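# Fold and contact review
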Amino acid sequence: MKLEAIINQPVIETERFDLRPLRRSDMGLIEHYAGDERVARMTTRIAHPLPPGAVEAFVTRAMSDERDEDVWAMDATKDGGPELIGLITLEKLDRNQSEIGYWVAPVYWNTGIASLAVETLVKANPLENATMFASVFQDNPASARVLTHCGFQYLGDAETYSVARDANVPTWTYTKKL
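First, a word on scope: everything that follows refers to the structure included in this document. (Residues numbered from 1 in each chain as written. Predicted model: local features only at pLDDT ≥ 70, side-chain atom pairs only at ≥ 80, totals over all residues. Heavy atoms only, no water.)

## Notes on the overall build of the chain
For clarity, the cut-off: Each helix is a run of DSSP H or I of at least 4 residues and each strand a run of E of at least 2, with the numbering of both proceeding from the N terminus. Our radius of gyration looks at C-alpha atoms and nothing else; its globule reference is 2.2 Å times the residue count to the power 0.38. Partly exposed describes any residue whose relative accessible area lies between the buried limit of under 20% and the exposed limit of over 50%, with all areas from a 1.4 Å probe on protein chains only and scaled to the type maximum. Between two residues, a contact is recorded if the distance between any of their heavy atoms is within 4.5 Å. Accessibility throughout is a Shrake-Rupley quantity obtained with a 1.4 Å probe, and a residue counts as covered only by protein chains that appear here. The convention is simple: Lys and Arg are positive, Asp and Glu are negative, and His and the chain ends are not counted. In this description, the location of a charge corresponds to atom NZ of lysine, CZ of arginine, CG of aspartate or CD of glutamate.
On a plain count of helices and strands, the chain comes out with 5 helices and 8 strands. Starting at the N terminus and walking to the C terminus, you meet the elements of the chain as β-β-α-α-α-β-β-β-α-β-α-β-β. Taking 178 residues into account, the globule formula puts the C-alpha radius of gyration at 16 Å, and the chain, at 15 Å, falls close to it. Dimensions of the chain along its principal axes, counting C-alpha atoms only, are 45 × 35 × 35 Å. Looking at the chain as a whole, 46% of its 178 residues qualify as buried. Across the chain, the fraction of contacts at a sequence separation of at least 24, relative to all contacts at a separation of at least 6, is 62%. Carbon and sulfur atoms make up 51% of the accessible area of the chain, which totals about 9,400 Å². Once the 18 positive and 26 negative side-chain charges of the chain are each reduced to a mean point, those two points are 2 Å apart.

As structure tokens, this is what we get:
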């Protein structure tokens, strides 16, 4: 039996759900939702189809003391929902900065979950950053609206490789001073 690692990462509460560190029991729902092509195609790092062991490796990295990214599950059990309806991350960058990333299970799209998660994580600022960045694919205007709704400012265009698409994809980059 593998014991859960104790992660130095706070639980952050919202009215609708909690942002909590990942645990091994999340692997099934992560695989279910991240394995959905609609989710994978809007991320840079999720492959489609998911290779065997990818979710276990991701969760193991997220629970490691040496991680360079903090990952929170959007846990809706307090509102009668599932233990995981999406993920939100902060990747540690240099100069007191981080990059925020997120995905929400398709069944919860257009419900305000992503905006609430981003807004809550930015307000909590658990890494005590001076600046947060985010990038979204230009064919995902809903994610761009989440960022602007949460006070992120457009910084410029770029392109980023998407594993699921096996291609470079045009992006919009945003920043928020804290």
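What follows continues from the structure just given.
## Overview of helix H4 (residues 113-124)
Residues lying three or four places apart along an α-helix face the same way, a consequence of the helix completing one turn every 3.6 residues. We apply this condition: Here the expected length of a helix is defined as 1.5 Å per residue gap, with one fewer gap than residues.
The first and last C-alpha atoms of H4 sit 16 Å apart over 12 residues, in line with the 16 Å expected at 1.5 Å per residue. Most of H4 sits inside the fold, with 9 of its 12 residues counted as buried. Ile113, Ala114, Ser115, Leu116, Ala117, Val118, Thr120, Leu121 and Val122 are the residues of H4 that are buried. Positioned one or two residues after H4, Asn125 has a phi angle of 40°, which is positive.

## A closer look at the nonpolar core
Going by this rule: For our purposes a nonpolar core is just a set of buried Ala, Val, Leu, Ile, Met, Phe, Trp, Tyr and Cys residues, chained together by side-chain atoms within 4.5 Å.
Ranked by size, the top nonpolar core spans 28 residues in total, and within it Leu19, Met74, Ile88, Ile100, Tyr102, Val118 and Phe152 carry the most contacts. Of all elements in the fold, only strand E3 (69-75), strand E4 (86-92), strand E5 (97-104), H4, strand E6 (131-137) and helix H5 (141-149) reach the threshold of two or more residues within this core. The biggest single contributor to this core is H4, with 7 residues. Once you skip the residues sitting within four places of it in the chain, Ile88 turns out to touch Leu19, Asp70, Val71, Trp72, Met74, Ile100, Gly101, Tyr102, Ala117, Val118 and Leu121.

## Re the pattern of salt bridges
Quick reminder of the rule: Just to be clear on terms, a salt bridge is a Lys or Arg side-chain nitrogen sitting within 4 Å of an Asp or Glu carboxyl oxygen.
Throughout the structure, instances matching the rule amount to 11 salt bridges. The partner of Asp26 in a salt bridge is Arg20, and the shortest N-O contact between them spans 2.7 Å. When the shortest N-O distance is used, the salt bridge between Arg165 and Asp139 registers 2.8 Å. With Arg165 in the loop between strand E7 (153-162) and strand E8 (167-177) and Asp139 in the loop between E6 and H5, this residue pair connects regions lying 26 residues apart in the sequence. Each of Arg20, Arg23, Asp26, Asp75 and Glu83 takes part in a single network of salt bridges with overlapping partners.

## Description of the environment of Leu147
Residue placement: Leu147 occurs in helix H5. Relative accessible area serves as the criterion here: at 0%, Leu147 is assigned to the buried category. Separated by 27 residues in the primary sequence, Leu147 and Thr120 place their C-alpha atoms 12 Å from one another. Every residue in contact with Leu147, bar those within four places of it in the chain, is listed here: Tyr102, Ala134, Val136, Phe152 and Tyr174.

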